[in-house]
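# Coordinate inspection notes
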Amino acid sequence: MSTVQAPHAPSSPAVVTPRTGQSLSTFLSTYVFSKDHKVIGLQFLFSTLLWFLIGGLLALAVRWQIAWPWSQVPVLGKLFAQEGGQMSPEFYTMLFTMHATVMIFLVIIPILAGAFGNFLIPLMIGADDMAFPTLNMLSYWFMWPAFIAFGASFFVEGGAASSGWTSYPPLTTNVASSPGSGWGQTLWLLGLTLVGVSSMLGSVNYMTTIILMRAPGMTMFRLPMTIWAMFITAILQAFALPVLTAAGFMQLTDRLLGTGFFTPEGNVVNNLATSTGGGHPLLWQHLFWFYSHPAVYIMILPAMGMVSDILTTFARKPLFGYRPMVYSIAGIAGLGFIVWGHHMFISGMNPALGITFMVSTMMIALPSAVKTFNWLGTLWGGRIQFTTAMLFAVSFVSMFIIGGLSGIFMAATPVDIFIHDTYFIVAHFHYVLFAGTAMGVWAGIYYWFPKMFGRLMNETWGKVHFFLTFLFLNGTFFTMHILGAVGFPRRLADAYHYETFHHLQPLNAFMTWCAIGMVATQIIFAVNFVWSMFYGPVAGRNPWNANTLEWTAPSPPGHGNFDFQPVVHRGPYEFSVPGCEKDHLMQTDPPDAHSAALAAAH
Amino acid sequence: MGNRWSGMFWSLLFLAVPVLGVATFAVAPSYDIWLPKDVSEHGRSIDSLFYFILGLTGIVFIVTEVLVFWFLWKYDGARTKAPATFIHGSHALEVVWTIIPAATLLFLAIYQMNTWADVKMRRPRIAPTVEVVARQFEWRLRYPGRDGELGTPDDIFLVNDLHVPVDEDILVQLKSMDVLHSFFLPNLRIKQDAVPGMKIPVWFKATEIGQYDIVCAELCGWGHYKMKGRITVESREDFDRWLAEMEARQEATQPEADATAAEVAAVP
Ligand code: HEM
Ligand SMILES: [Cu+2]
Ligand SMILES: [Cu+2]
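Everything numeric here is computed off the predicted structure, so don't read it as measured data.

Calculation rules
- Residues numbered from 1 in each chain as written.
- Chains lettered and ligands numbered in written order.
- Predicted model: local features only at pLDDT ≥ 70, side-chain atom pairs only at ≥ 80, totals over all residues.
- Heavy atoms only, no water.
- Donors = N, O, S within 2.8 Å, 3.2 Å for Na, K, Ca; no water.
- Helix = DSSP H or I, 4+ residues; strand = E, 2+ residues; numbered from the N terminus.
- Buried < 20%, exposed > 50% of the residue type's maximum accessible area, 1.4 Å probe, protein only.
- Pairing = 2+ DSSP bridges.
- Tetrahedral: all angles 85-135°; square planar, octahedral: opposite > 155°, others 65-115°.
- Domains from an automatic or database assignment.
- Contact = heavy atoms within 4.5 Å.
- Buried area = accessible area lost by both parts, 1.4 Å probe.
- Salt bridge = Lys/Arg side-chain N within 4 Å of Asp/Glu carboxyl O.
- Polar contact = N/O pair within 3.5 Å; in protein donor to acceptor, adjacent residues only side chain to side chain.
- Nonpolar A, V, L, I, M, F, W, Y, C, P; charged D, E, K, R; others polar.
- Near = heavy atom within 4 Å.

Time to look at the coordination of the iron atom of ligand 1. Perfect tetrahedral coordination of a metal by four donors corresponds to 109.5 degrees between them, and perfect octahedral coordination by six donors corresponds to 90 or 180 degrees. Residues and elements named next belong to chain A. Just one protein atom coordinates the iron atom of ligand 1, and that atom is His428 (NE2), at 2.1 Å. Between the iron atom of ligand 1 and the copper ion (ligand 2) the interatomic distance comes to 4.6 Å. By the element assignment, His428 lies in helix H14 (residues 423–453).

Before going further, it helps to spend a moment on the pairing of strand E4 (residues 161–165) of chain B. Residue and element names in this part refer to chain B. Burial within E4 is extensive, with four of its five residues counted as buried. Bridging between E4 and strand E10 (residues 229–234) involves five bridges; their strand directions are parallel. Its bridge partner being in E10, Val164 is matched across the sheet by Val233.

Residue and element names in this part refer to chain B. Looking at the copper ion (ligand 3), the protein donor atoms are Cys216 (SG), Glu218 (O), Cys220 (SG) and His224 (ND1), and they sit 2.1 to 2.8 Å from it. Taken together, the four donor atoms coordinating the copper ion (ligand 3) and their angles of 85 to 134° define a geometry best described as tetrahedral. In this structure Cys216 comes out as buried when scored by relative accessible area, which is 0%.

Here we come to the domain arrangement of chain B. Residue and element names in this part refer to chain B. Here the domain parsing of chain B yields domain 1 (2–79 + 91–120) and domain 2 (130–265). Taking only C-alpha atoms, the centre of domain 1 and the centre of domain 2 are 39 Å apart. Each side of the interface is counted separately: domain 1 has 14 residues, and domain 2 has 14 residues. With both sides pooled, the region where domain 1 packs onto domain 2 buries about 1200 Å², and carbon together with sulfur makes up 45% of that total. Of all residues in domain 1, the largest losses of buried area upon contact with domain 2 belong to Val39, Glu41 and Lys120, amounting jointly to 45% of the total for that side.

Once that is clear, we can look at unusual backbone geometry. The step from Pro169(A) to Pro170(A) runs through a cis peptide bond, and the omega angle for that step is 5°. Residue position: Pro170(A) is located in the loop between helix H5 (143–153) and helix H6 (183–212). In the segment running from Gln136(B) into Phe137(B), the intervening peptide bond is cis, with an omega of -5°. With respect to the helices, strands and loops of the structure, Phe137(B) is situated in the loop between strand E1 (130–135) and strand E2 (138–143). The backbone phi angle of Ser576(A) is positive, close to 50°, even though this residue is not glycine. Tracing the sequence through the fold places Ser576(A) in the loop between helix H16 (505–535) and helix H17 (593–601). Judged by its relative accessible area of 12%, Ser576(A) is buried. Residue Asp32(B) is not a glycine yet carries a positive backbone phi of 65°. Mapping Asp32(B) onto the fold places it in the loop between helix H1 (4–27) and helix H2 (43–74).

So, on to the interface of chain B and chain A. Facing 101 residues of chain B, the contacting portion of chain A comprises 112 residues. Approximately 9000 Å² of surface area, both sides summed, lies buried where chain B meets chain A, with 74% of it carried by carbon and sulfur atoms. Counting every contact that joins chain B to chain A gives one salt bridge. The residue Glu499(A) makes a salt bridge to Arg230(B) at a minimum N-O spacing of 2.8 Å. There are 27 residue pairs in polar contact (both at pLDDT 80 or more) connecting chain B and chain A. Contributions of two or more residues to the side of chain B that touches chain A are made by H1, H2, helix H3 (91–121), strand E6 (181–185), strand E7 (190–194) and strand E9 (210–216) of chain B. At 17 residues, H3(B) tops the list of elements feeding residues into the side of chain B that touches chain A. Its residues placed into classes, the side of chain B that touches chain A shows 63 nonpolar, 23 polar and 15 charged.

Residues and elements named next belong to chain A. The full set close to ligand 1 counts 23 residues, and Trp165, Asp416, His420, His428 and Arg490 are the nearest of them. Between Trp165 and ligand 1, the recorded distance is 2.9 Å, taken from a side-chain N or O atom to an oxygen atom. Contact distances for ligand 1 include 2.9 Å between a nitrogen atom and a side-chain N or O atom of His428. Contributions of two or more residues to the shell around ligand 1 are made by helix H8 (281–298), helix H11 (351–379), helix H12 (388–411) and H14. Partitioned by chemical class, the residues of the shell around ligand 1 number 13 nonpolar, eight polar and two charged.

Put into structure tokens, the structure is as follows:
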């Protein structure tokens, strides 16, 4: 063999047939009620980015109160004029409750599984679409009633839910216990259930698609890490979510029918007695965390997968320890089901039980450590290209280290006595969720944007966006560790009247300024995103010289994705193969591409 | 892709993470942004565990973050001509970096059990010093009167003003009248949720005379932020004198006290 023939990788761009005389119904079926996984993915992306903005503004309002309690709120203050422009404590509790709710249930979970999962799974395994396109469409449209439920709850009497995103009863089950425990909480539970339905529909679809619809030659151990992560995330969702859904219904019936699953005998809040009793508040916590601990991995595993792929592409190097990476994701998922009690060390749960949860929690740091070492191994000996996507991906690794290490403090039960429900916890989960997952999401957006829209984002502005976000995020969140070391409690509208915390206002003001900077920086991102969609440089099929299947399809791929039948001949990370003329071998390159190149060279 | 300066710049940005990270922790104590003064007996072992983990994670933090910097610096594609190393992993390394953290974490898990047991499991065999009943948004306190027994007519009722004698085992019986609260004494390294329907024992030994904060650490409604109490640690004599004074004051306003008594006693 002396010539390289690539019969299934046409070099000519796909022919896009221009649609003439588009009727309303074709418009609706193409862009609105589309069953195309890519359109659904983008619908998820746009919706979640919009909610990201709302969640960010809620965060700023929260930060405002913490930095300058009871002072006039600029701009937003006009919205609650009845308080004379300053926020009331119940308004503050509503703000942080809805900030977390929006960020977790309407941004992070759906942007990872819904947006990236949908867009990438069929493309990266070489399928023309998901296994169940209609189900897939429904998974997006079930988000809308949830959006409406959460959105409308701001305008009902008493305001939106205000008992924390964890919704602990009896605060949530006794309607007299707080203003947001009225209609707001009911709508919250409704919204949560609907998000759950959406996730479940997505989850069964992803599992089926990944198991059954891989292209010829795409064995499980040739799957890119993104797909492995999505696969295991889908399994986690499928097993954990029913518990949350059931618990949500129990809380709903407690509230509406007086079932009393979560209220003890004779419970009276604010002079309102609960009609029945015989339940226990800790039952909710067990059920809630049985879902929500696995959910924190649902909120990071896909980002870990995406980051692994991006790191290899821009280090021009195979992933270090592919199988250990897969096994550690599986390990995290498995252990993730037996650590939920670490959220309840001081809840009144039997302290002996706390010890078993402490041991399992310590052990779950192990697969996280293994992943980190393998990412470092991937960078080692590479030829690193500092693209925007790469910077975000590297920062994911750098920041995840911080979040993982702070987890160890909290896993240590005696230390957790002091730092539980303080800003140390807030620091921890913002390092894993914002500095980790959100940075991973940005890495993913800059990386796959050309595949989504056929154009590249502006790199210079991308780097400015990265630089400022990175700076401000550390200014906002790193300082939370030392705030937590003082014991500064979370969820307090004003803590400065305590002797222990009275001197912490300047630090909080600094953090709020950083937070404002961080949100403002996203304007750069938004402009770059929209501008590049229309005017960015045309990308071509494979702008990053990456290996995985999506880069063999046109950018953006048409309906049905591939204009040829992809056949997979190797793993996803064959970069810098010695003696090979190209510095990478795509998964579809023929098996003898490498030796042929060698032969041609001689 | 990119010029030689850009790679250096980005590598140094990542080097700033461990540098500024360590600096933050190093500087914070001098601004008093650090663990509040510990005045409890068990607090010492909690704090030393905190420092131990801080040291351990600090080393891992510095080493891994510096490696991130170093790999970015050294393997910058714009400045190195060498091709990337074609390697898929190393079995030996995987084993090493699995076993070492596993052993460390397991050690940490076992090492801390004793402290936890001291604070939460090995309850002193004494009668409760005081009953604390949390409610929106205050701490109701009940001291057993002269008979040393809770639930008798000579109980003494107070709000938010907890007094305990120094250097003695204190046993608090923690309850909640309505929703969840959390009894947080930052200086005594105590935190325990108060749960309606549960009677949870909390114990400590205060080692230094003074006044400290009682904070509610579990969201309990709109007034959560102002659910503040004070704990006064004083000598045995001062404590006895204070309690007698409170008793006398309560007798002077008997009907009012009876009403509170009935309310608090009704809490299951
Ligand atoms: C190295 C592994 C990790 C360990 C050992 C760990 C440990 C813990 C512990 C013990 C808590 C409870 C602390 C408390 O409330 O007192 C906690 C809270 C939390 N963790 Fe982690 N964690 C780890 C990784 C992660 C990851 C990867 C995520 C998310 C992507 C995450 C998200 C959260 C969240 C959201 C909370 C707080 C929930 C709340 O109270 O609102 N953690 N973690
Ligand atoms: Cu957890
Ligand atoms: Cu409270």
